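Topology and contacts: notes
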Amino acid sequence: MTYTLVLVRHGESDWNAKNLFTGWVDVDLTDKGRAEGVRAGEQLKEAGILPDIVHTSLLRRAITTANLSLDAADRHWIPVKRDWRLNERHYGALQGKDKKQTLEQFGEEQFMLWRRSYDVPPPPIELDDEFSQHGDPRYAGLGDAMPATECLKDVVTRLMPYWETVIQNDLADGLTVMVAAHGNSLRALVKTLDGISDDDIAGLNIPTGMPLVYELDESFKPVTPGGRYLDPEAARAAAEAVANQGR
Ligand SMILES: O=C(O)[C@@H](CO)OP(=O)(O)O
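Going by what an unreviewed UniProt entry lists, the protein is known as 2,3-bisphosphoglycerate-dependent phosphoglycerate mutase and is assigned to Terrabacter tumescens. The heading Function (unreviewed entry) in the UniProt record of the protein holds the text "Catalyzes the interconversion of 2-phosphoglycerate and 3-phosphoglycerate." Turning to the protein, the UniProt annotation filed under Pathway (unreviewed entry) states: "Carbohydrate degradation; glycolysis; pyruvate from D-glyceraldehyde 3-phosphate: step 3/5."

Right, let's get into the overall build of the protein. For the protein, the helix and strand inventory stands at seven helices and six strands. Counted from the first residue to the last, the protein has its helices and strands arranged as β-α-α-β-α-β-α-α-β-α-β-β-α. Against the globule reference of 18 Å for 247 residues, the protein gives a C-alpha radius of gyration of 17 Å, in line with a compact fold. Considering only intrachain contacts with a sequence separation of at least 6, the fraction spanning at least 24 residues in the protein is 78%. Approximately 10800 Å² of the protein is accessible, and the part contributed by carbon and sulfur atoms is 49%. Positive and negative side-chain charges of the protein, numbering 27 and 39 respectively, have mean locations separated by a distance of 2 Å.

Across the sheet, six strands lie side by side as β3-β2-β4-β1-β5-β6; this open sheet has mixed pairing. For this open sheet the edge positions go to β3 (80-82) and β6 (228-229), each flanked by a neighbour on one side alone. Summarising the sheet, strand β1 (residues 3-9) and strand β4 (residues 177-181) pair through five bridges and their orientation is parallel. By the bridge assignment, Val6 is partnered in β4 with Met178.

Evaluation of the coordinates by the stated rule reveals one cavity of 30 Å³ or more. Roughly 170 Å³ of internal volume is contained in the largest cavity. If you trace the largest cavity, you find 19 residues lining it, with Arg9, Asn16, Glu88, Lys99 and Asn184 closest to the centre. Elements with a minimum of two residues in the lining of the largest cavity: α4 (99-116) and α6 (183-194). Here the lining of the largest cavity is built from residues that sort into four nonpolar, eight polar and seven charged.

We now examine the pairing of strand β2 (residues 53-56). A two-sided burial pattern is seen for β2, the buried positions comprising Ile53 and His55 on one face and Val54 and Thr56 on the other. Of the pairings in the sheet, the one linking β2 to β3 comprises three bridges and is parallel in character. When the sheet's bridge partners are listed, His55 is paired in β3 with Lys81. Once you follow β2 into helix α3 (residues 60-72) and on to β3, the crossover reads as right-handed.

Close to the ligand lie Arg9, Asn16, Leu20, Phe21, Thr22, Gly23, Glu88, Tyr91, Lys99, Arg115, Arg116 and Asn184. The backbone of Gly23 places a nitrogen or oxygen atom 2.8 Å from an oxygen atom of the ligand. Contact distances for the ligand include 2.9 Å between an oxygen atom and a side-chain N or O atom of Asn184. Taken by itself the ligand offers 310 Å² of open surface, and the protein chains cover 98% of this. In this structure the site holding the ligand corresponds to the largest cavity. Sort the elements by how many residues they give to the shell around the ligand and α4 lands first, with three residues. Residue composition of the shell around the ligand, grouped by class: three nonpolar, four polar and five charged.

Here the focus is helix α5 (residues 152-172). Along α5, the sharpest change in direction is near 40° and occurs at Trp163. If you check which residues of α5 are buried, you get Leu152, Val155, Val156, Arg158, Leu159, Met160, Tyr162, Trp163, Ile167, Gln168, Asp170 and Leu171. Residues of α5 that are buried make contact with β1, β2, β3, β4, α6 and β5 (212-216). Of the residues flanking the end of α5, it is Gly174, one or two places downstream, whose phi is positive at about 85°.

Reading guide: rules and limits
Throughout this description, residue numbers start from 1 for each chain and increase along the sequence as written. Totals for whole chains, interfaces and linings use all residues, but because this is a predicted model, local features are given only for residues with pLDDT of at least 70 and pairs of side-chain atoms are given and counted only at 80 or more. In computing side-chain properties, one takes all heavy atoms of the structure into account and sets aside hydrogens as well as water. UniProt positions are given in the numbering used here, feature names are shortened, and annotations may be inferred rather than shown by experiment. Every helix listed is a DSSP run of H or I at least four residues long, and every strand listed is a run of E at least two residues long, numbered separately from the N terminus. The reference for a compact globule is 2.2 Å times residues^0.38; the radius of gyration itself is calculated from the C-alpha atoms. In what follows, a contact means two residues having at least one pair of non-hydrogen atoms within 4.5 Å. With residues, only the protein chains shown are counted as cover, and all accessible areas are computed by Shrake-Rupley using a 1.4 Å probe. The charge count includes Lys and Arg as positive and Asp and Glu as negative, but it does not include His or the ends of the chains. Every charge is mapped to an atom, namely NZ of Lys, CZ of Arg, CG of Asp or CD of Glu. Between any two strands, at least two bridges found by DSSP are needed for them to pair. Only protein atoms enter the 1 Å grid used here. Points where a 1.4 Å probe fits but cannot escape make up a cavity, open sets with protein on both sides within 12 Å along at least five of seven lines make up a pocket, and a residue lines them when an atom lies within 4 Å of a point. Grid points are joined across faces, edges and corners, and a volume is the space filled by probe spheres set on the points. Residues are sorted three ways: Asp, Glu, Lys and Arg are charged, Ala, Val, Leu, Ile, Met, Phe, Trp, Tyr, Cys and Pro are nonpolar, and all the rest, Gly among them, are polar. The classification of residues rests on relative accessible area computed with a 1.4 Å probe and restricted to protein chains. Under 20% of the type maximum is buried, over 50% is exposed, and intermediate values are partly exposed. Note on handedness: a crossover is taken as right-handed if, strands pointing away from the viewer, the path from the first strand over the helix to the second is clockwise. A single heavy atom is enough: if one lies within 4 Å of a molecule or strand, its residue is considered near that molecule or strand. Side-chain atoms alone can form a polar contact between residues adjacent in sequence; in general such a contact is a pair of N or O atoms within 3.5 Å, and within protein one must be able to donate a hydrogen while the other accepts it. To be counted as sitting in a cavity or pocket, a molecule needs more than half of its atoms within 2 Å of that site's grid points. Bend at a given residue is defined as the angle between two axes, one fitted to the seven residues that end at that position and one fitted to the seven that begin there.

Here it is in structure tokens:
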């Protein structure tokens, strides 16, 4: 008995295209991002992998990607669960900043520490910053859990309760589960699934709009480490492009 988990990072967003740090800022998809969402659903349909339930973050780019891909796979009718714990990593004071300019201003080492180290968060965002989510009604219930910045370790910590209870319960019920989320929330999940070290996770990048399929055993461990992309070559090239952002 194995469980099937499908991870999809949202398609290209407006701020991916502009090379801006995004985090919790609720930007939309580009036309290319929408096409990626549709293509992801077509790939799932072609592979005969049909989600029974979808989990998304509270951000438009993941929600729209899920809708587009499920529509293309004729699975637009399945139940949906949404949770802030699947949100992108909060990028603190870097939200809204240009990646290339940040690299030039702070240098390669600091830029990569903020972007890909496991436990160094960017400086916190001010409450009155134009890109702060302070006061956003969708986060009204969070109280002290509302972040002002996060490193990947913080994302692992806030994601785990959702993975270990809500998602694992759906898998244990025999449902094929799709998770539509973000580059860094999916890196946090993949780190946990594959037991990737704090150092090695720096080298893992998730491409936009490419279904990554895991078969999991009864203890929710991958049968094949790393899972499989339905289009491995395109995924490799797109992950490389993510790694090189800012250059
Ligand atoms: O800006 C962000 O929120 C993320 C994902 O787009 O960027 P990065 O890949 O640099 O962590």
